[in-house]
Amino acid sequence: MHRRGVGAGAIAKKKLAEAKYRERGTVLAEDQIAQMSKQLETFKTHLEEFASKHKQEIRKNSQFRVQFQEMCATIGVDPLASGKGFWSEMLGVGDFYYELGVQIIEVCLALKHRNGGLITLDELHQRVLKGRGKFAQDVSQDDLVRAIKKLKAMGNGFGMIPVGGSYLVQSVPAELNMDHTVVLQLAEKKGYVTVMEIKDSLKWERERACHVLDHLLKEGLAWLDSQADGEPQYWLPALFSELSSRDVTPEEANQMTP
Amino acid sequence: MDRFVWSNGLLEMNETLVIQQRGVRLYDGDEKAKLDVGVVLLSTHRLIWRDQKNHECCIAIPLSQIIFFEEQAAGIGKSAKIVIHLHPASANKEPGPYQHSKYSYIKLSFKEHGQIEFYRRLTEEMTQKRWENTPASQPIPTATGSQAGRTRAVGIVGIERKIEEKRKETDKNISEAFEDLSKLMIKAKEMVELSRSIASKIKDKQGDITEDETIRFKSYLLSMGIANPVTRETHGSGTHYHMQLAKQLGDMLQAPLEERGGMMALTEVYCLVNRARGMELLSPEDLVNACKMFETLKLPLRLRVFDSGVMVVQLQSHSEEEMIASALDNVSEKGSLTAEEFAKLLGLSVLLAKERLLLAEKMGHLCRDDSVEGLRFYPNLF
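This one's a predicted model, so the numbers in the text were calculated from it and none came from an experiment.

1. Considering the overall build of chain A
Of regular secondary structure, chain A possesses 12 helices and 6 strands. Relative to all contacts within chain A whose residues are 6 or more apart in sequence, the contacts with residues 24 or more apart total 52%. Approximately 12900 Å² of chain A is accessible, and the part contributed by carbon and sulfur atoms is 52%.

2. Brief notes about unusual backbone geometry
Residues and elements named next belong to chain B. The backbone of His 113 shows a phi angle near 60°, a positive value even though the residue is not glycine. By secondary structure assignment, the location of His 113 is in the loop between β9 (105-110) and α1 (115-128). One non-glycine residue, Lys 129, adopts positive backbone phi at about 50°. Its location among the elements puts Lys 129 in the loop between α1 and α2 (130-133). A relative accessible area of 32% places Lys 129 in the partly exposed class.

3. What about the sheet that holds strand β3 (residues 166-170) of chain A?
In a beta sheet, neighbouring strands are held together by backbone hydrogen bonds and run either parallel or antiparallel to one another. Residue and element names in this part refer to chain A. Across the sheet, which stays open at both edges, the 3 strands sit in the order β1-β3-β2 with antiparallel pairing between neighbours. Two strands lie at the open edges of the sheet, namely β1 (118-120) and β2 (159-163), each paired on one side alone. Shown here is a sheet whose adjacent strand axes are inclined to one another by a mean of 30°, direction ignored. Both β1 and β3 contribute to a ladder of 3 bridges, which runs antiparallel. From the neighbouring strand, Leu 118 faces β3, where its bridge partner is Gln 170. The sheet strands contacting helix α8 (residues 178-187) are β1, β2 and β3, and the helix crosses β2 at an angle near 50°.

4. Notes on the environment of Ile104(A)
Residues and elements named next belong to chain A. Counting through the fold element by element, Ile 104 comes out in helix α5 (residues 93-115). Spatially, the C-alpha atom of Ile 104 lies 9.4 Å from that of Leu 151, the residues being 47 residues apart in sequence. Residues in contact with Ile 104, not counting those within four places in the same chain, are Leu 124, Val 128, Leu 144, Ala 147, Ile 148, Leu 151 and Phe 158.

5. As for the pattern of salt bridges
Tallied over the full model, the rule gives 29 salt bridges over all chains. A salt bridge links Arg120(B) to Glu117(B), with the shortest nitrogen-to-oxygen separation between them at 3.1 Å. In this pair, Arg120(B) and Glu117(B) are both assigned in helix α1, 3 residues apart and thus about one turn of the helix distant. Glu295(B) serves as the salt-bridge partner of Arg302(B), at 3.8 Å between the closest nitrogen and oxygen. The network of salt bridges with common partners includes Lys218(A), Glu361(B), Arg368(B) and Asp370(B).

6. Concerning the pairing of strand β5 (residues 46-51) of chain B
All names here are of chain B. Across the 6 residues that make up β5, a large majority, 6, are buried. Here β5 shows a buried face lined by Arg 46, Ile 48 and Arg 50 and a second buried face lined by Leu 47, Trp 49 and Asp 51. The pairing of strand β4 (residues 38-43) with β5 spans 5 bridges and is classified as antiparallel. Pairing of Leu 42 across the sheet is with Leu 47, part of β5. Alignment of β5 against strand β6 (residues 58-62), held across 5 bridges, turns out to be antiparallel. When the bridges of β6 are listed, Arg 46 appears paired with Pro 62.

7. What about the interface of chain A and chain B?
Each partner contributes residues to the interface: chain A has 87 residues there, and chain B has 89 residues. Together, the buried faces of chain A and chain B total about 8000 Å²; carbon and sulfur atoms form 64% of this surface. Here chain A and chain B share 5 salt bridges between them. Ionic pairing is found between Glu176(B) and Lys53(A), a salt bridge with its closest N-O pair at 3.7 Å. Here chain A and chain B share 21 residue pairs in polar contact (both at pLDDT 80 or more) between them.

8. What about the packing of helix α9 (residues 195-202) of chain A against helix α10 (residues 206-218) of chain A?
All names here are of chain A. Look at α9 against α10: their axes get within 9 Å of each other, and the N-to-C directions meet at 120°. What the angle tells us is that α9 and α10 run oblique. Judged by the twist between their axes, the crossing of α9 over α10 is right-handed. Across the interface between the two elements, Val 195, Ile 198 and Lys 199 of α9 pack against Arg 206, Ala 209, Cys 210 and Leu 213 of α10. Residues that form the contact of α9 with α10 fall into these classes: 5 nonpolar, no polar and 2 charged.

9. A word on the packing of α5(A) against helix α6 (residues 121-132) of chain A
Residue and element names in this part refer to chain A. Put simply, α5 and α6 touch, their axes get as near as 10 Å, and they point 115° apart. Relative to α6, the element α5 lies roughly perpendicular. The hand of the α5/α6 crossing is right-handed. Residues Phe 96, Leu 100, Gln 103, Ile 104, Val 107, Cys 108, Leu 111 and Arg 114 of α5 lie in contact with α6, whose contacting residues are Glu 123, Leu 124, Arg 127, Val 128 and Arg 132.

10. Regarding the confidence of the model for chain A
Residues of chain A with pLDDT of at least 70 account for 87%, and the chain-wide mean is 82. Ignoring residues within four places in sequence, the model shows residues 245-258 of chain A, a span with pLDDT below 50, making 18 contacts including any to other chains.

11. What about helix α7 (residues 141-151) of chain A?
Burial analysis of α7(A) places 9 of its 11 residues in the buried class, the great majority of the element. Listed as buried for α7(A) are Gln141(A), Asp143(A), Leu144(A), Val145(A), Arg146(A), Ala147(A), Ile148(A), Lys150(A) and Leu151(A).

About the criteria used
Residues numbered from 1 in each chain as written. Chains lettered and ligands numbered in written order. Predicted model: local features only at pLDDT ≥ 70, side-chain atom pairs only at ≥ 80, totals over all residues. Heavy atoms only, no water. Helix = DSSP H or I, 4+ residues; strand = E, 2+ residues; numbered from the N terminus. Contact = heavy atoms within 4.5 Å. Areas by Shrake-Rupley, 256 points an atom, 1.4 Å probe, with all protein chains shown as cover. Buried < 20%, exposed > 50% of the residue type's maximum accessible area, 1.4 Å probe, protein only. Pairing = 2+ DSSP bridges. Axes fitted to C-alpha atoms, helices over the stretch in contact; angles between N-to-C directions. Salt bridge = Lys/Arg side-chain N within 4 Å of Asp/Glu carboxyl O. Buried area = accessible area lost by both parts, 1.4 Å probe. Polar contact = N/O pair within 3.5 Å; in protein donor to acceptor, adjacent residues only side chain to side chain. Parallel < 35°, antiparallel > 145°, perpendicular 65-115°, else oblique. Left-handed = near helix turned anticlockwise from the far one by under 90°. Nonpolar A, V, L, I, M, F, W, Y, C, P; charged D, E, K, R; others polar. pLDDT = per-residue confidence, 0-100.

As structure tokens, then:
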């Protein structure tokens, strides 16, 4: 870091350098910082005006939030970087997402013993909504995704894995590479997968398939059903709720009176 | 509500489930339907509703029956709703829960939220009209609208017009908001470019920046949400704001840390602090930046990052040797321990218990037995 030299000699030298720069027409960094300070004040005023007219829009309209976020990203601004940022303070975007972050962490923590730290975005969405209660504001999946992206800053392995058109949200620092991800995607349809299925679909050798499945077992992400008909089945609790809340199963349907 | 037919809730061939939402009550026009709260399911072909308690009570309506739909915002004591306007039922409609209704629209009341996603997906399906490409194997009665009596058709036209007007009005508000937003973004972009210019000058040393000016610059970046392009650090990566925060955290976290054995995961701290604040919450980055300043400010806390990437705040008084020694004692006493067992023993979270065991292993005091049954630690006798 550049420290200001003390002493008359240093001061004189500095003045000379400054004069030389100004002569060349170069604007000095400190001048620009002063300029930025003024521009910031002006910008703040504009933002206040915008907020007074449209603050509600951001709160109520999730589409507007998406647009807002995308515009910010395009110009290189992160409105959620700090609670002290203008965007957060004046538009209230911060509190909305940071609170959502808290709720996401709490849901993931509560279910970790059951699913090992992996949950579908759909299930997370449902549970967060439930936890927020009747009078809170609705949130979209896009809102969740953005909140999760911010949580990554705190370590702890928050991440998202694309599966079957949506995402699995990971909330523990378990190492999941491409092989693991691909097996998760394969398991998505039925909630479980077998070694044979992996060999058939992915054309892997038995050893590679077992290695991946063992890792998932160890991390608590998969459960082994060794008593299933035919081959042992590796079930993923993260994918359970997704299935159990689908439509009536054929067995149940047979029991229903038309 | 007289457009609905009884259904067994099973999806047909080529019909896919798009989204479902529980906690939904149906309204016949403006009146509550004589049904309880249920689950509403949207498929590529139909809108299905099923009673939450009595799964046999299930009704459906083809999407082609929908003329138009719109959101109705929540109010005090009222849930948000989606209002769906329907074509008249065709003459050969199968039996349903209502023989006759004076209304040509229904409402879905979202008592447990979920209306944003549902509305979005419904819009998608109504735009794509996937049911036209892949007709379900069972014939679904489609109404063409013009079969109905003239009085009904006129009613619908009147409603449509009113809705169209309201939509134009809403669109106008939204487009004004977007316009203002675009103008705002242009100004924000100027700030971003200015900050980049300053940053490159600092790097090239074109000018003499004091420490104060650097700190000021950083706080400007913070206000605008611009990432700090200058990599050199003064007092860590923080601003005065973060210094203040760090001191607050120092006070606030003493007791909780002591209660939890001297260590807390950063995500835990985040929840604790933000729940306590209620308003003007901290962003995750704010928390991280504040914690990074503990050492510089000589506060009795430290931010620590484990090999796994887990970040914790720990009391400085919390000696590492003590932690490892006690871990070794516990493991020796029990013969062996898993992270879950250790966590239970000490009243720690499993995550932190695991980190402690890993640390002891790293120092050579424990060794592991890694099997599908889990990760178990033994005293290292080698």
